[in-house]
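Coordinate analysis (summary)
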Amino acid sequence: MEMLKPKFDAKLKEDKLILKQITRLADSHCHLDLIGKDGIAEALRHNVAFMLTNGTTMESNDKNLSFLDNVHVFVNMGIDPQNAINLNDAHLGALISNIKINAARITGIGEIGLDNTYGEESMNRQRVVFDTLVDLSIKMQKPISVHARGTLDEVIDILHNKGHSRVHLHFFEGDIMQAKKAERLGYMVSIPPLDSARRRRVIKEIAIDNILVESDSPAASKSPQEVISALMMISEVKGISLDRASDIIFDNTRKFFSLSQKNIMMR
Ligand SMILES: [Zn+2]
């Protein structure tokens, strides 16, 4: 993959925030299987240093693995709640074997979680799959990227009871109390590029050490480079420069996922 480092050229909302030399964007949660090779190259041209791509189905895990280089592209293997609903025991077994086979080269388990928008009836199966994959991540000592739509309290309780310490709360939509609880447990609160007053309050109330940014592309935003909008929110709320915000979040991401420093292109 080519390694280009042009200056970020996006139009900023206001000229007060001038990007001096953003060269280190880190996307902590996206879906590169749906973005493809050209989209990855495009992100790298827009100063994304690395991305963590997440699996949602068996096929998407395989596609993500085909992009893995552990330099720009790191892979979490998982199954999202929507697809967990119809995952029978044989397929769950196959997923677990596939994760184990790839243990040495993947970064974590994700995305996994619970989503109550698919109805209470589906939650039982979601819980079985989630529970199994959380236990696997603990056994494998891997971080997890967790989807918790409408289920944040339950998810935090489960993970707290299991003593999981490496939790990335993907697309955080909780309130301040939930954010504070996550912070106390050492979890990472992940900010997507969607501005809201609630999100800004959460950013204000928790330590920047517990914050990551993500694009969740191509679902929530178009491409990994859009994490810049989440960084702009953080820089405004925390009263620090965009460069500083991007440096801190970059390091948070690298440390949380234990990404080898030598692999990542530094400034
Ligand atoms: Zn996702």
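Source: prediction; values computed, not measured.

1. Focus: the coordination of the zinc ion
Expected angles at a metal are 109.5 degrees for tetrahedral coordination by four donors and either 90 or 180 degrees for octahedral coordination by six donors. For the zinc ion, the full set of protein donor atoms is His-29 (NE2), His-31 (NE2), Glu-111 (OE) and Asp-216 (OD), at a range of 2.1 to 2.4 Å. Coordination at the zinc ion is irregular, judged from the 4 donor atoms that bind it and the angles of 83 to 178° they form at the metal. Here the donor residues for the zinc ion map to a single chain with the spacing H-x1-H-x79-E-x104-D. One end of the pair, Glu-111, is in strand β4 (residues 108-115); the other, Asp-216, is in the loop between β8 (211-213) and α9 (227-238), with 105 residues separating them in the sequence. The burial state of Glu-111 is the same as that of Asp-216; both residues are buried.

2. Considering the confidence of the model for the protein
Residues of the protein with pLDDT of at least 70 account for 89%, and the chain-wide mean is 91. Taken as a whole, residues 1-18 scores under 50 in pLDDT and shows 39 contacts with residues more than four places along the chain or in a different chain.

3. Some details on the nonpolar core
One recurring pattern in soluble globular proteins is that nonpolar side chains are buried together. Counting residues in each nonpolar core, the largest one holds 67 residues, and the members touching the most others are Ile-99, Phe-130, Leu-133, Leu-159 and Leu-169. Setting aside chain neighbours within four positions, we find Ile-99 in contact with Met-77, Ile-106, Ile-109, Leu-133, Leu-136 and Met-140. Of all hydrophobic cores here, the second largest spans 11 residues; its members include Ala-49, Phe-74, Phe-250 and Phe-256.

4. Observations regarding the environment of Thr-132
Positionally, Thr-132 belongs in helix α5 (residues 120-140). With relative accessibility at 26%, the residue Thr-132 sits in the partly exposed group. Sequence spacing of Thr-132 and Leu-92 is 40 residues, and the spatial spacing of their C-alpha atoms is 8.9 Å. Setting aside residues no more than four positions away along its own chain, Thr-132 makes contact with Leu-92 and Ile-96.

5. Quick word on the side chain of His-31
Tracing the backbone through its elements, the reader meets His-31 in the loop between β1 (25-30) and α1 (36-45). Assessed through its relative accessible area of 5%, His-31 is described here as buried. At a separation of 3.3 Å, a polar atom in the side chain of His-31 contacts the side chain of His-29. Leave out the neighbours within four places in its chain, and His-31 touches Thr-53, Asn-54, Thr-56, Glu-111, Asp-216, Ser-217 and Pro-218.

6. Description of the packing of helix α2 (residues 58-67) against helix α4 (residues 89-101)
α4 packs onto α2 with a crossing angle of 15° between their chain directions and a minimal axis gap of 11 Å. By the angle class used here, α2 and α4 are roughly parallel. In terms of crossing hand, the pair formed by α2 and α4 is left-handed. The segment α2 lies against α4, with Met-58, Asn-61 and Asp-62 engaging His-91, Ala-94, Leu-95 and Asn-98. Grouping the constituent residues of the contact of α2 with α4 by class yields 3 nonpolar, 3 polar and 1 charged.

7. Digging into the packing of aromatic side chains
All chains considered together, the criterion is met by 3 aromatic pairs. Note on Phe-256 and Phe-257: the rings are 4.7 Å apart at their centroids and 85° apart in plane angle, and the pair reads as edge-to-face. Overall, the relative accessible area of 10% leaves Phe-256 in the buried class. Relative accessible area serves as the criterion here: at 2%, Phe-257 is assigned to the buried category. Linked through ring pairs, Phe-50, Phe-74 and Phe-250 together constitute an aromatic cluster.

Parameters and conventions
- Residues numbered from 1 in each chain as written.
- Predicted model: local features only at pLDDT ≥ 70, side-chain atom pairs only at ≥ 80, totals over all residues.
- Heavy atoms only, no water.
- Donors = N, O, S within 2.8 Å, 3.2 Å for Na, K, Ca; no water.
- Tetrahedral: all angles 85-135°; square planar, octahedral: opposite > 155°, others 65-115°.
- Helix = DSSP H or I, 4+ residues; strand = E, 2+ residues; numbered from the N terminus.
- Buried < 20%, exposed > 50% of the residue type's maximum accessible area, 1.4 Å probe, protein only.
- pLDDT = per-residue confidence, 0-100.
- Contact = heavy atoms within 4.5 Å.
- Core = buried A, V, L, I, M, F, W, Y, C linked by side-chain atoms within 4.5 Å.
- Polar contact = N/O pair within 3.5 Å; in protein donor to acceptor, adjacent residues only side chain to side chain.
- Axes fitted to C-alpha atoms, helices over the stretch in contact; angles between N-to-C directions.
- Parallel < 35°, antiparallel > 145°, perpendicular 65-115°, else oblique.
- Left-handed = near helix turned anticlockwise from the far one by under 90°.
- Nonpolar A, V, L, I, M, F, W, Y, C, P; charged D, E, K, R; others polar.
- Phe/Tyr/Trp six-rings, centres within 6.5 Å; stacked < 30°, edge-to-face > 60°.

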